[in-house]
Amino acid sequence: MTSKAGFVALIGEPNVGKSALMNRLIGSKISIVTHKVQTTRVRVRGVINRRNTQVVFVDTPGIFAPRRRLDHAMVTAAWSSVKDADMILVLYEAHRGITPGIEQIISSLKTRNPSQRLAAVVNKIDRAKPKSLLQLAAQINSQFNFEHTFFVSATKGDGVADLLDWLTDEMPENPWFFDHDQVSDLPLRLLAAERTREKLMIRLHQEIPYQLTVEGETWEEQSDGSVRISQIIYVNRKGHKGLVLGNCGATIKAIGTAARIDLEHFLERRVHLFLRVKVRPGWLNERERYAEIGLEFQDKSS
């Protein structure tokens, strides 16, 4: 049987559910998910093998109007992931419909590569009435001639199987790009750092989650099969360090416990996680920090 393989890019506005959908499609938590916008910073590839076909999903940062250097790097990463994809899934939120942001994304897609294959995915259908979904489908396809329109709930799984079946059928003939047991191309050290950042995003509020980053310091395999992981949390301001630590260290302890449990489930072994918080006011403008999280450092931010 001839092998098939292809890349499927998921794009849309921040918080539309791209990461949750990819995790559901893969059947494993690869991308971190929170209720906050701009949670995803890096391109994350998740791999699923079905019969003779390998589908490589590319979760991208949400596309929005960038302001900071980090914003520009995230949006650039999203668009570069789209460029060579065999299929692009454009995500809409069922209860929000066609927003100015998604209109801008569609406009950009029309000019970037008109020959690329696109399908529309309306997510969060559990938050809208069936009648409004039919109206939204008509509006979506009046703006752009998508190959197919799918209605899904990434959190509940509704409609995801049909989407995956269709994508599997539509992948081109190719040798597989990844080993049969590989579920992502991200190094484990980065995946682990992202797990900790997810817990920070959930626990902390206002601008603080967007002013910090997490990097892996050490990854040491232990003789009993466990792993010792040390990570450093860089914050942009001195006052943020105290908020991350919490009263008598309570906040950082809770974050570390949640991240450790998550990592043990993902790695299927015992994890010893050690977190350190360091004030680094200029990290948002340091090339090294961007390299650590897999983003392209841009010399100028407009």
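Remember, it's a predicted structure, so these values are computed and weren't measured experimentally. (Residues numbered from 1 in each chain as written. Predicted model: local features only at pLDDT ≥ 70, side-chain atom pairs only at ≥ 80, totals over all residues. Heavy atoms only, no water.)

Student: Can you help me understand the sheet that holds strand S8 (residues 227-235) in this one?
Tutor: Sheet strands pair via backbone hydrogen bonds, and the direction of the pair is either parallel or antiparallel. In space, the three strands of this open sheet follow the order S7-S8-S9, with mixed pairing throughout. In the strand order of this sheet, the two ends are held by strand S7 (212-221) and strand S9 (271-279), each with one partner. Strand after strand, the sheet turns through a mean of 20° between neighbouring axes, direction not considered. Inspection of the sheet shows S7 paired to S8 by nine bridges, in the antiparallel sense. Its bridge partner lying in S8, Thr-218 is registered against Ser-230. Of the strands in this sheet, S7, S8 and S9 touch helix H6 (residues 188-203), which is tilted by about 135° from S7. Across the face of the sheet, helix H8 (residues 250-267) comes into contact with S7, S8 and S9 while running at roughly 140° to S9. (Pairing = 2+ DSSP bridges. Helix = DSSP H or I, 4+ residues; strand = E, 2+ residues; numbered from the N terminus. Axes fitted to C-alpha atoms, helices over the stretch in contact; angles between N-to-C directions. Contact = heavy atoms within 4.5 Å.)

Student: What am I meant to see in the sheet that holds strand S4 (residues 87-93) here?
Tutor: Read across the sheet, six strands follow the order S2-S3-S1-S4-S5-S6 without closing on themselves; strand pairing throughout is mixed. Every interior strand has two partners, whereas the edge strands, strand S2 (44-50) and strand S6 (149-151), have only one. In this sheet, adjacent strand axes meet at a mean angle of 25° when their direction is disregarded. With six bridges connecting them, S4 and strand S5 (residues 118-123) associate as parallel partners. Residue pairing across strands places Leu-91 opposite Val-121, the latter belonging to S5. Each of strand S1 (4-11), S2, strand S3 (53-59), S4 and S5 touches helix H1 (residues 18-26); the most contacted strand, S3, lies at about 160° to it.

Student: What should I look at first to understand the nonpolar core in this one?
Tutor: A general tendency of soluble globular proteins is for nonpolar side chains to be buried together. Counting 79 residues, the largest nonpolar core has Leu-21, Phe-57, Leu-89, Val-90 and Leu-109 as its most contacted members. No other element matches the eight residues that helix H2 (residues 69-83) contributes to this core. Ala-193, Ile-208, Val-214 and Ile-252 belong to the second largest nonpolar core, which has 12 residues in total. (Core = buried A, V, L, I, M, F, W, Y, C linked by side-chain atoms within 4.5 Å. Buried < 20%, exposed > 50% of the residue type's maximum accessible area, 1.4 Å probe, protein only.)

Student: What is the right way to look at the pattern of salt bridges in this model?
Tutor: Where charged atoms from two side chains of opposite charge come close, those side chains can pair. Taken as a whole and assessed by the stated rule, the structure comprises 23 salt bridges. A salt bridge links Arg-96 to Glu-93; its shortest N-O distance comes to 2.9 Å. Judged by its relative accessible area of 42%, Arg-96 is partly exposed. Among the charged side chains, a network of salt bridges with common partners joins Lys-29, Arg-195, Glu-198, Lys-199 and Asp-262. (Salt bridge = Lys/Arg side-chain N within 4 Å of Asp/Glu carboxyl O.)

Student: Can you walk me through unusual backbone geometry in this structure?
Tutor: When glycine is set aside, most residues are seen to have a negative phi, and most peptide bonds are trans. Positive phi values are uncommon outside glycine, yet Gln-38 reaches one of about 60°. Within the secondary structure, Gln-38 is located in the loop between H1 and S2. Even without a glycine there, the phi angle at Lys-124 is positive, about 65°. Inspection of the secondary structure assignment puts Lys-124 in the loop between S5 and helix H4 (130-143).

Student: When you look at the pairing of S2 in this model, what are you seeing that I'm missing?
Tutor: Here S2 lies mainly inside the structure; five of its seven residues are buried. Joining the antiparallel neighbours S2 and S3 is a turn of two residues, in which Arg-51 adopts a positive phi near 55°.

Student: Before we go on, may I ask you to explain H1 in this structure?
Tutor: Turn by turn, an α-helix covers 3.6 residues, leaving residues three or four places apart pointing in a common direction. When you tally the buried positions in H1, you get eight out of nine residues, the bulk of the element. Here H1 has its buried residues at Lys-18, Ser-19, Ala-20, Leu-21, Met-22, Asn-23, Leu-25 and Ile-26. Buried residues along H1 sit against S1, S2, S3, S4, S5 and helix H5 (160-170).

Student: Just to check I follow, could you spell out the side chain of Ser-153 for this structure?
Tutor: Examined against the element boundaries, Ser-153 turns out to sit in the loop between S6 and H5. A polar atom in the side chain of Ser-153 sits 3.1 Å from the side chain of Asp-126. Residues contacting Ser-153, with those up to four places away along its chain left out, are Asn-123, Lys-124, Ile-125, Asp-126, Asp-158 and Val-160. (Polar contact = N/O pair within 3.5 Å; in protein donor to acceptor, adjacent residues only side chain to side chain.)

Student: How do you make sense of the packing of aromatic side chains when you look at a structure like this?
Tutor: Aromatic rings considered in pairs are described by the distance between their centres and by the relative angle of their planes. Inspection of every chain in the model, using the stated rule, returns five aromatic pairs. Here Phe-144 and Phe-146 contribute two aromatic rings whose centre-to-centre distance is 4.8 Å and whose plane-to-plane angle is 50°, an arrangement assigned as tilted. A single burial state applies to Phe-144 and to Phe-146, both of which are buried. Relative to Trp-166, the ring of Phe-150 has its centre 5.3 Å away and its plane inclined at 55°; by these criteria the two rings are tilted. Taken as a pair, Phe-150 in strand S6 and Trp-166 in helix H5 lie far apart in primary sequence, 16 residues in all. Of the two residues, Phe-150 and Trp-166, neither departs from the other in class, the shared state being buried. Taken together, Tyr-92, Phe-144 and Phe-146 form an aromatic cluster joined through their ring pairs. The side chain of Arg-112 reaches across the aromatic face of Trp-79, ending 3.9 Å from its centre. Over the face of the ring belonging to Phe-266 we find Arg-195, whose NZ or CZ atom lies 4.4 Å from the ring centre. (Phe/Tyr/Trp six-rings, centres within 6.5 Å; stacked < 30°, edge-to-face > 60°. Lys NZ or Arg CZ within 6 Å of the ring centre and 35° of its normal.)

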